[in-house]
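Chain by chain, the residues:
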Amino acid sequence: MTIYGDQSPEEMARLIPDCCERICDTWLRDTQITVGRDAYYMTGTSRPDNMPPVNATVTSDGLRIWRSENLRDWQPLGLVWSLDDGPPWLRDYRVHWPGGGRRIAPEDYARLEIPEDVPVRRALWAPKIHYSPVRDNYFVVGSMNFNMGLAPQRWIGDLFGGCFLLASTTGEAAGPYRPTTQEPLTHYIDPCLFEEDDGALYMVWQDGNLARLNEDLDGLLAVDRPWQRHFDVEPTKEGACLFKHAGRYHLGFSISAHRQPAGHYSLRHEGHGDPRVPCGYQFVVAAADHLHGPYGERYTALVNGGHGCPFRDRDGQWWACVFHPPGHPDALHMDRQACTRALGPRLVAMRWVAGQIVPDIDRTRAFHGG
């Protein structure tokens, strides 16, 4: 019997199908797609063409968006918003010299020669684009990587991550965009927008934090962490997303799995500091009858399928966005550099079975011609 928080090898039917190729030839992680007014729009953690993939999670330049009318053919809209154009908390680099770190403006950072062993942090992580029919406008939530992966004694300031919201100034997905506030909305990473039928706009982010945005979209109202059944030990949860189907609310997360001696995979671990080697990035979902929960038992919807970010297309069909290449999680994590280079936007067709969203293998193969 599988313990709650573990996953049996027999559940590999929820692995990314081996036919999943990139839907466009670009390096992209944390992929997410929205159904817009006139087309589909895609974004994620991106990088300039001349930057090595492994560096894009440390420093990057801003927000890139792609457009498609059929989910197959994607047109790059380019860099639609630059971190250099943001307020100081967004635009400044954090350089963590051993003798004391400090913030550096972009114009000064460009003139510095920083040794490779000195940590630098200024990257846009996991932006997500949202089209609001009520407002007839496009919004993007994103997060920064400030102080991530560093011991607290090396932090610059007290901001661990940092989430913010951009609004299109033209009503178009291509922007230009402006931040709705000069300060971060909250700490941490990986925010997602969810819009109720009445137009109320909510943000959900790391570990399942949930808050409604105020009318001006420049602040959060009371923050809630809806109750959900916990794993024991409870891991770090990333890639939060919230979506609705058949009148129920579905709260998704991405959680690193660890292989156990008995052969199963455990989602019960001590976060990113766990000494065991991760062997998968599972997309895990829990459901509730009400927005604020309680949310029930979590299940693995996609093995190695983080961030997942399910969406329903114009024909009512469901999909999940993934960025890992197909293959068994153990094999993918044997060569982490090779896996990093292979990251790119992929689509997995999804279906609903007994209230759970799971891969639709036949429709996925038909879409990818496999």
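Residues numbered from 1 in each chain as written. Predicted model: local features only at pLDDT ≥ 70, side-chain atom pairs only at ≥ 80, totals over all residues. Heavy atoms only, no water.

Caption draft 1: Quick look at the side chain of Thr31. Its place among the elements puts Thr31 in strand 2 (residues 29-35). Overall, Thr31 belongs to the buried group, its relative accessible area being 1%. Among all residues touching Thr31, those that are not within four sequence positions of it are Met42, Thr43, Cys309, Cys321, Val322, Phe323 and Pro345. (Helix = DSSP H or I, 4+ residues; strand = E, 2+ residues; numbered from the N terminus. Buried < 20%, exposed > 50% of the residue type's maximum accessible area, 1.4 Å probe, protein only. Contact = heavy atoms within 4.5 Å.)

Caption draft 2: Representation of the pairing of strand 3 (residues 40-45) within the structure. The buried fraction of strand 3 is high, at six of six residues. Bridge count for strand 2 against strand 3 is five bridges, and the pairing is antiparallel. From the neighbouring strand, Thr34 faces strand 3, where its bridge partner is Tyr41. Where strand 2 folds back on strand 3, the antiparallel hairpin that results is connected by four residues. Taken together, the three bridges between strand 3 and strand 4 (residues 62-68) define a ladder with antiparallel strand orientation. Considered in strand 4, the bridge of Tyr41 is made with Arg67. (Pairing = 2+ DSSP bridges.)

Caption draft 3: Region of interest: the sheet that holds strand 9 (residues 124-132). Here four strands make up an open sheet; going across it, the order is 9-10-11-12 and the pairing antiparallel. Looking along the sheet, the strands with just one partner apiece sit at the ends: strand 9 and strand 12 (177-179). Ignoring strand direction, the axes of neighbouring strands in this sheet form an average angle of 25 degrees. Both strand 11 (residues 163-168) and strand 12 contribute to a ladder of three bridges, which runs antiparallel. If you follow Ala167 over to strand 12, its bridge partner there is Arg178. (Axes fitted to C-alpha atoms, helices over the stretch in contact; angles between N-to-C directions.)

Caption draft 4: Spotlight on the sheet that holds strand 8 (residues 120-121). A sheet is described by the order of its strands in space; here three strands give the open sequence 7-6-8, paired in antiparallel fashion. Looking at strand neighbours, the two that pair on one side only are strand 7 (102-104) and strand 8, the edges of this open sheet. In terms of strand pairing, strand 6 (residues 93-95) meets strand 7 through three bridges, oriented antiparallel. Across the sheet, Arg94 pairs through a bridge with Arg103, a residue of strand 7.

Caption draft 5: Just the environment of Glu238, in detail. Relative to the elements of secondary structure, Glu238 occurs in strand 17 (residues 238-245). Classification of Glu238 by relative accessible area gives buried; the value is 13%. The spacing of Glu238 and His324 is 86 residues in sequence and 15 Å in space, taken between C-alpha atoms. One polar contact links Glu238 to Tyr281, side chain to side chain, over a distance of 2.5 Å. (Polar contact = N/O pair within 3.5 Å; in protein donor to acceptor, adjacent residues only side chain to side chain.)

Caption draft 6: Structural detail: helix 5 (residues 361-368). Listing the buried residues of helix 5 in full gives Arg363, Thr364, Phe367 and His368. Looking straight down helix 5, one finds that the buried residues subtend no more than 125 degrees of arc, so they occupy a single side. Along helix 5, exposed side chains directed more than 90 degrees from the buried face belong to Asp362 and Ala366. For helix 5, the secondary structure elements touched by its buried residues are strand 23 (318-322) and strand 24 (346-353). Two residues or fewer past helix 5, Gly369 is found with a positive phi of approximately 70 degrees. (Arc of directions from axis to C-beta.)

Caption draft 7: Spatial organisation of the side chain of Gln260. Relative to the helices and strands, Gln260 is located in the loop between strand 18 (248-259) and strand 19 (265-266). At 3.1 Å, the side chain of Gln260 and the backbone oxygen of His258 are in polar contact.

Caption draft 8: Broad picture of the packing of aromatic side chains. Applying the stated criterion across every chain yields a total of 16 aromatic pairs. Judged by centre distance (6.3 Å) and plane angle (70 degrees), the rings of Trp89 and Phe146 are edge-to-face. A residue pair is termed long-range when its members are at least 10 positions apart, and Trp89 in helix 1 (residues 88-91) and Phe146 in the loop between strand 10 (137-144) and strand 11 qualify at 57 residues. Judged on exposure class, the residue Trp89 and its partner Phe146 are both buried. Seen in terms of ring centroids, Trp89 and Phe164 are 6.0 Å apart; in terms of plane orientation they differ by 80 degrees. Their pairing is edge-to-face. Of the two residues, Trp89 is situated in helix 1 and Phe164 in strand 11; the sequence distance between them amounts to 75 residues. Considered together, Trp89 and Phe164 belong to a single accessibility category, that of buried residues. Site record: aromatic cluster; members linked through ring pairs are Trp81, Trp89, Phe146 and Phe164. The cationic tip of Arg229 hangs over the ring face of Tyr4; the distance from NZ or CZ to the ring centre is 4.1 Å. (Phe/Tyr/Trp six-rings, centres within 6.5 Å; stacked < 30°, edge-to-face > 60°. Lys NZ or Arg CZ within 6 Å of the ring centre and 35° of its normal.)

Everything listed here is a matter of coordinates, which is why it stays silent on function.
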